[in-house]
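Next come the chains, spelled out residue by residue.
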Amino acid sequence: SYGQLIVQSTFYPTSADIIVSCVDTHPRNYYRKYNAVTNPTGYAGGDDAWTREQTMLAKALRTVSAQIPAGLAIDANNDGYVDNVCFVVSGGVEAWADLLWPHMSSLTIERVPINGKVVGNYNFQLRDALLNPGNMVYVLAHELFHSLGAPDLYHYSHLPPDPVGPWDI
């Protein structure tokens, strides 16, 4: 970015010397696809997955919002929205485009304010994928790239031309 973009991060919930997390009231299977035999508590389809994801993230935000200092710069462009929030969810990824897959989206079901700013864009990451040496930085950077307004730099079909090849961040 030639010094045009600086990403400063803070982590919540806060702790003096360890990383802590919010614990959801639902088990992980609640956020996985439904299967009558192996996962009867899973989500049935797209709308159900969307509602479950949005509700989980809104609860997490409400849990930590009081810990976020009033002076923290969370809206650099003064548009009334928190510039970006990144949720790191425990565990690994599921199948492509399932709820438990890294993605960028917007919180729309519930407006959750933090210090008078509304949370909109967020990145959804999975802890195990971030710890994988082959994925660590690029998945995080790729989803943040979306929060900055960029599209995917690859085709969803695997047909030529391949505009950026393996260089999509």
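Scroll up to find the structure.
Because the structure is predicted, anything quoted here is derived from the model rather than measured.

Enquirer: Talk me through the sheet that holds strand β6 (residues 121-126); I want residue IDs and the actual numbers.
Expert: Taken in spatial order, the 3 strands make up an open sheet running β2-β6-β3, and their pairing is mixed. Two strands bound the open sheet, and with one partner strand each, they are β2 (85-89) and β3 (103-106). Shown here is a sheet whose adjacent strand axes are inclined to one another by a mean of 25°, direction ignored. In the sheet, β2 pairs with β6 via 5 bridges, with the strands oriented parallel. Within β6, the position partnered with Val88 by the bridge is Gln125. Packed onto the sheet, helix α1 (residues 46-64) meets β2, β3 and β6 and runs at close to 100° relative to β6.

Enquirer: I'd like to hear about the pattern of salt bridges, residue by residue, with values.
Expert: Close approach of charged atoms allows side chains with opposite charge to pair. Taken as a whole, this structure holds 7 salt bridges when the rule is applied. Across the pair Lys59 and Asp24 runs a salt bridge, and its minimum N-O distance is 3.4 Å. Within this pair, whereas Lys59 is found in helix α1, its partner Asp24 is found in the segment before α1, the two being separated by 35 residues in sequence. Accessibility expressed as a relative area gives 23% for Lys59, which makes it partly exposed.

Enquirer: Which residues make up the environment of Ala44, and what values go with them?
Expert: Position of Ala44 relative to the elements: it lies in the segment before α1. Taking relative accessible area as the criterion, Ala44 reaches 72% and is therefore assigned exposed. Spatially, the C-alpha atoms of Ala44 and Asn84 are 29 Å apart, while their sequence positions differ by 40 residues.

Enquirer: Residue-level account of unusual backbone geometry, with values.
Expert: Glycine aside, residues mostly have negative phi angles, and peptide bonds mostly take the trans form. Here the amide bond leading from Tyr12 into Pro13 is cis, since omega sits at 0°, within 30 degrees of zero. The phi dihedral of Ala97 is positive, around 70°, even though this residue is not glycine. Checked against the element boundaries, Ala97 lands in the loop between β2 and β3. In this structure Ala97 comes out as exposed when scored by relative accessible area, which is 52%. Its identity as a non-glycine residue notwithstanding, Asn115 has a phi of 50°, on the positive side. By the secondary structure assignment, Asn115 is in the loop between β4 (113-114) and β5 (117-119). The exposure class of Asn115 is partly exposed, given its relative accessible area of 38%.

Definitions and limits used
- Residues numbered from 1 in each chain as written.
- Predicted model: local features only at pLDDT ≥ 70, side-chain atom pairs only at ≥ 80, totals over all residues.
- Heavy atoms only, no water.
- Pairing = 2+ DSSP bridges.
- Helix = DSSP H or I, 4+ residues; strand = E, 2+ residues; numbered from the N terminus.
- Axes fitted to C-alpha atoms, helices over the stretch in contact; angles between N-to-C directions.
- Contact = heavy atoms within 4.5 Å.
- Salt bridge = Lys/Arg side-chain N within 4 Å of Asp/Glu carboxyl O.
- Buried < 20%, exposed > 50% of the residue type's maximum accessible area, 1.4 Å probe, protein only.

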